Amino acid sequence: MVHCSGADRRHWDKVIAAWPDGDSPRFLRPELFGYGETARWPPGDSISLLHYVELIEAALPPLPQPFDLVGHSFGGVVALGYALKHPQRIRSLALIEPAAFFILRDGDLRGQTLFREIERIGRGMQRGMRAATPAAQREAMARFVDYWNGAGRWDSLAPAAQQAVAQMTDVVAQEFTAIFAHATQLADCRSITVPTLLISGAQSPEPARHIVQMLARVIPQAEQICIPDAGHMLPLSHAATTAVMLHDMRRRAVPNWNFSAGSGMAMVSPPIESRGGVHPMNAPLTEQRKSTTTDSGPVERVRALAAGFARRAADYDAHDRFAAENFAEIKAAGLLAAGVPAELGGGDASYREVSEMLREMAHHCSGTALALAMHTHPLMANVWRWRREKAPVEGLLKRVAGENLMLLSTGGNDWLNGSGSAEAVDGGYRISARKRFVSGAEAGDLLMTMAIHGDTVLHAGVSMKAEGVRIEQTWRTLGMRASGSHDVVLDKVFVPEAAIAVKRPAGVWHPFFHLVTMIAFPLIYGVYRGVGERLRDEAVALASKRRLEGDAQLQVGAMEAALAAVVAAHEKMVDIADHATPGPETSARVMTLKRAVTDNLLALGNAALDAAGGSAFYRVNSVERLFRDLQAARYHPLTALPQQRLAGRLALGLDADGRAA
């Protein structure tokens, strides 16, 4: 029995007390993150519905037979997620107004309207969490409580109760985050073949009732019951009725002949029945990583996640959503620390292995791979400095490995000139800036950025949890939508002097940028190579359905030529990063090869549309999305004219800034 938001295991006390005589099941009542004795999810860390499902997995002891699963509201969507993942382990399913808002998003016009209605409630909760002031929390929770319980319910609560509820704002906001990030579609629920009871109250908000109706249409053995005088909290207001319905469902359920306990039934030892103990997702992040990673290399671990990434890619694109669920899995798989040396606690992957990891990921979700590249390239630059220069960056690398820390980069938008202002104050600086194109902003922990103080550009790492840091949801773009490259605003954020990593003149090439150029761009363009490879395969598949003669053959041949040029140029970029020394000549070579990769990728995209024909114009085919994702390759520095200028200067015997060498 999985409780709703704002409750704990006691949520089911009245139902259990009213259970009909003659039947004495064993009730297991796990508590979700932030409730009862289960720790809260770490603030600021990405969370997905998968984490809640894993919590249920851990809470279950090994069972010799299938069990009956019940969930209410948010607990209902967790139960639904468990049923989709482990259909062979349950005998029956009862969902009381499950908060599966994501299926509204892809529904009919009415469903989409209702999704926007509930989305406003969720966004209000998230604003209250980010503001983190008592007034903002009370306002958010008042709206939440009244929405689900009726106008005036909040005002009827005693002040002490209001204060206690308001302190749960962050917990409920995280639940909304997990729901909105989930990519399951209504059609996926057809795979639930056990007897399923869907319960709603006639007085409940319409989104909850509409979800029940939608599920009833697709789950094969679904039975729908609406209680005329009940609202959303019917397990409390109509406990006896609820108990009878659940009892009858349990009595009618037949054995699940496909039952398999599976290895996941005993993830934690000793098992957690309902209270006490620590689920691995509540453990320190170091322990989370140890509990979920394997000895396989990073490419193999990406392939293990590939099916989920590919399934969600179109949904992220269609709804301009950051790949939050993918990044939760990336963190759990230990991929953030793949390139950290083993002696510092990381995966010890080579530069080439890390490049292959990103290329493989791009085959399945372009935006996820690009956002991960923006973490990986500053990480690998620091690994290079630690290995080659014995630079004092050991602390940062250990934090990435030990805390599952995700880095964010603003260098591409700032580049040589930098942006933002740094005001000198006692002990450091106050930085104010708007940083655009911060890929993965919603999952990141440390912003690797810069600001201008006089004629000097200062480089520093800024915590995304620091006072004055906020994310503005601006990423509404042609492609690469899953990267979530929103604006990050710094409003007089204090950075201590000791945190300033680099001080350099503005507007000129500095050794730091020669290192960034050498390390970063082969990784970033490995992502675009992966997108191009996937686009080629999808376009050939569509072209194969046409008459294989004439123009189609020519366009497929053009794709092959363009992709061969991409592969050759990118392989050379990786080889340079793996063996060369950073400097002007290396930067010019990398940027010239980057230009070759970009030009041929864009040519590949054009040929793919022609080869696939009119089918490529339909969004149902991934060619269209991959073509759009490729267009972002043209915007990373150096763009065409600055690249030509740099190459021309060095060829003419000048330095990188155009002065006599």
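Rules behind the numbers
- Residues numbered from 1 in each chain as written.
- Predicted model: local features only at pLDDT ≥ 70, side-chain atom pairs only at ≥ 80, totals over all residues.
- Heavy atoms only, no water.
- Helix = DSSP H or I, 4+ residues; strand = E, 2+ residues; numbered from the N terminus.
- Rg over C-alpha atoms; globule rule 2.2 N^0.38 Å.
- Buried < 20%, exposed > 50% of the residue type's maximum accessible area, 1.4 Å probe, protein only.
- Contact = heavy atoms within 4.5 Å.
- Areas by Shrake-Rupley, 256 points an atom, 1.4 Å probe, with all protein chains shown as cover.
- Lys, Arg positive; Asp, Glu negative; His and termini not counted.
- Charge placed at Lys NZ, Arg CZ, Asp CG, Glu CD.
- Pairing = 2+ DSSP bridges.
- Right-handed = clockwise from strand over helix to strand, strands pointing away.
- Expected span 1.5 Å × (residues − 1).
- Axes fitted to C-alpha atoms, helices over the stretch in contact; angles between N-to-C directions.
- Parallel < 35°, antiparallel > 145°, perpendicular 65-115°, else oblique.
- Left-handed = near helix turned anticlockwise from the far one by under 90°.
- Patch = residues over 30% accessible without salt bridge, like charges linked within 9 Å, V, L, I, M, F, W, Y side chains within 5 Å.
- Salt bridge = Lys/Arg side-chain N within 4 Å of Asp/Glu carboxyl O.
- Nonpolar A, V, L, I, M, F, W, Y, C, P; charged D, E, K, R; others polar.
- Core = buried A, V, L, I, M, F, W, Y, C linked by side-chain atoms within 4.5 Å.
- Phe/Tyr/Trp six-rings, centres within 6.5 Å; stacked < 30°, edge-to-face > 60°.
- Disulfide = S-S within 2.5 Å.
- pLDDT = per-residue confidence, 0-100.

S.K.: Looking at this model, I keep getting lost on the overall build of the protein chain. Mind explaining?
M.R.: Within the protein chain, the regular secondary structure consists of 24 helices and 12 strands. A globule of 661 residues ought to have a C-alpha radius of gyration of about 26 Å, and the protein chain, at 27 Å, matches this closely. Dimensions of the protein chain, computed from C-alpha atoms along their principal axes, come out at roughly 95 × 75 × 45 Å. With 661 residues in all, the protein chain has 56% of them scored as buried. Relative to all contacts within the protein chain whose residues are 6 or more apart in sequence, the contacts with residues 24 or more apart total 76%. Accessible surface computed for the protein chain: about 26,600 Å², of which carbon and sulfur atoms make up 52%. Positive and negative side-chain charges in the protein chain, numbering 70 and 69 respectively, have mean positions lying 2 Å apart.

S.K.: I'm lost on unusual backbone geometry in this one. Help?
M.R.: Keep in mind that most residues, glycine aside, have a negative phi and that most peptide bonds are trans. The amide bond that connects Pro637 to the next residue, Leu638, takes the cis arrangement and shows omega of -5°. Note on placement: Leu638 falls in the loop between helix H23 (622-630) and helix H24 (640-651). Backbone geometry at Trp415 places phi at a positive 50°, although glycine is not the residue there. One can find Trp415 in the loop between helix H19 (411-414) and strand E6 (421-425). Owing to a relative accessible area of 11%, Trp415 belongs among the buried residues under this scheme.

S.K.: How should I be thinking about H23 in this particular structure?
M.R.: Counting buried positions over the nine residues of H23 gives nine, a clear majority of the element. Among the residues of H23, those classed as buried are Ser622, Val623, Glu624, Arg625, Leu626, Phe627, Arg628, Asp629 and Leu630. Along its buried surface, H23 packs onto helix H14 (298-318), helix H17 (366-388), helix H20 (511-543) and helix H22 (584-612).

S.K.: Explanation requested: the pairing of strand E2 (residues 90-96) in the structure shown.
M.R.: Moving residue by residue along a regular strand, the side chains alternate between the two faces of the sheet. Among the seven residues of E2, seven are classified as buried, and the element is accordingly described as predominantly covered. Relative to E2, strand E1 (residues 67-72) runs parallel, the two being bridged by six bridges. Looking across to E2, one finds that Leu69 is bridged to Leu93. Once you follow E1 into helix H3 (residues 74-85) and on to E2, the crossover reads as right-handed. As paired elements, E2 and strand E3 (residues 196-201) share four bridges and run parallel to each other.

S.K.: Whenever I open this one, helix H12 (residues 239-252) confuses me. Can you help?
M.R.: Along an α-helix, a turn takes 3.6 residues, which lines up residues three or four apart on a common side. Taking 1.5 Å of rise per residue, the 14 residues of H12 would be expected to cover 20 Å, and the 20 Å separating its terminal C-alpha atoms lies within 8% of that figure. Residues of H12 that are buried include every one of Ala239, Thr242, Ala243, Met245, Leu246, His247 and Met249, and no others.

S.K.: I tried to follow the sheet that holds strand E4 (residues 222-227) on my own but got confused; where do I start?
M.R.: The strands making up a sheet associate through hydrogen bonds between their backbones, and the pairing can be parallel or antiparallel. The parallel open sheet is built from four strands, whose spatial order is E1-E2-E3-E4. Strands at the two margins of the open sheet, each flanked by one partner only, are E1 and E4. The mean angle between the axes of side-by-side strands here comes to 15°, regardless of whether they run parallel or antiparallel. With six bridges joining them, E3 and E4 adopt parallel strand pairing. Within E4, the residue paired with Ser200 across the bridge is Cys226.

S.K.: Hey, could you run me through the packing of helix H5 (residues 109-131) against helix H10 (residues 206-218) in this one?
M.R.: Axes are the key here: two packed helices are described by the angle between their axes and the distance separating the axes. Packing of H5 against H10 leaves a shortest axis separation of 9 Å and a crossing angle of 140°. Our classification of the angle between H5 and H10 gives oblique. The two elements H5 and H10 meet at a crossing, and its hand is left-handed. Taking contact as the criterion, the partners of Arg110, Gly111, Leu114 and Glu117 in H5 are, on H10, Glu206, Pro207 and His210.

S.K.: When you look at a nonpolar patch on the surface in this model, what are you seeing that I'm missing?
M.R.: Where nonpolar side chains cluster on the molecular surface, the patch consists of Phe617, Tyr618 and Val620 and spans about 450 Å² of accessible area. As for its position among the elements, Phe617 is in the loop between H22 and H23.

S.K.: Just to check I follow, could you spell out the packing of H5 against helix H6 (residues 134-149) for this structure?
M.R.: At a minimum axis separation of 8 Å, H5 and H6 run at an interaxial angle of 155°. Classified by the interaxial angle, the pair formed by H5 and H6 is roughly antiparallel. Between H5 and H6 lies a crossing of left-handed hand. Facing Glu117, Ile118, Arg120, Ile121, Gly124, Met125, Arg127, Gly128 and Ala131 of H5, the residues of H6 in contact are Ala136, Gln137, Ala140, Met141, Arg143, Phe144, Tyr147 and Trp148. By residue class, the composition of the contact of H5 with H6 is 10 nonpolar, three polar and four charged.

S.K.: Would you mind showing me how to read the nonpolar core here?
M.R.: Soluble globular proteins tend to pack their nonpolar side chains together in the buried interior. One finds Phe327, Trp415, Ile519, Phe521, Ile524 and Tyr528 to be the most contacted residues of the largest nonpolar core, which totals 122 residues. Of all the elements, H20 adds the most residues to this core, at 17 residues. Counting residues in hydrophobic clusters, the runner-up holds 65 residues, among them Leu28, Tyr35, Tyr82 and Ala100.

S.K.: What is the right way to read the packing of aromatic side chains from this model?
M.R.: One pass over the full model with this rule turns up 18 aromatic pairs. Chaining the aromatic ring pairs together yields one cluster made of Phe101, Phe115, Phe144, Tyr147, Trp148, Phe176 and Phe180.

S.K.: Explain the state of the cysteines to me, please; I cannot follow it from the model alone.
M.R.: Disulfide: a covalent bond formed between the sulfur atoms of two cysteine residues. The final tally for this structure, using the stated rule, is zero disulfides. Looking at Cys189, it has no disulfide partner, and the nearest cysteine sulfur is the one in Cys226, 20 Å off.

S.K.: Sorry, what's going on with the confidence of the model for the protein chain here?
M.R.: Any region with low pLDDT has predicted coordinates that should not be read closely. Here the protein chain averages 89 in pLDDT, while 93% of its residues score no lower than 70. Low pLDDT (under 50) marks residues 262-295, which in the prediction has 79 contacts with non-local residues, meaning those over four places away or in another chain.

S.K.: Would you take a moment to explain the environment of Arg143 for this structure?
M.R.: Among the structural elements, Arg143 can be located in helix H6. C-alpha separation for the pair Arg143 and Ser409, spaced 266 residues apart in sequence, amounts to 36 Å. Once you skip the residues sitting within four places of it in the chain, Arg143 turns out to touch Arg120, Ile121 and Arg127.

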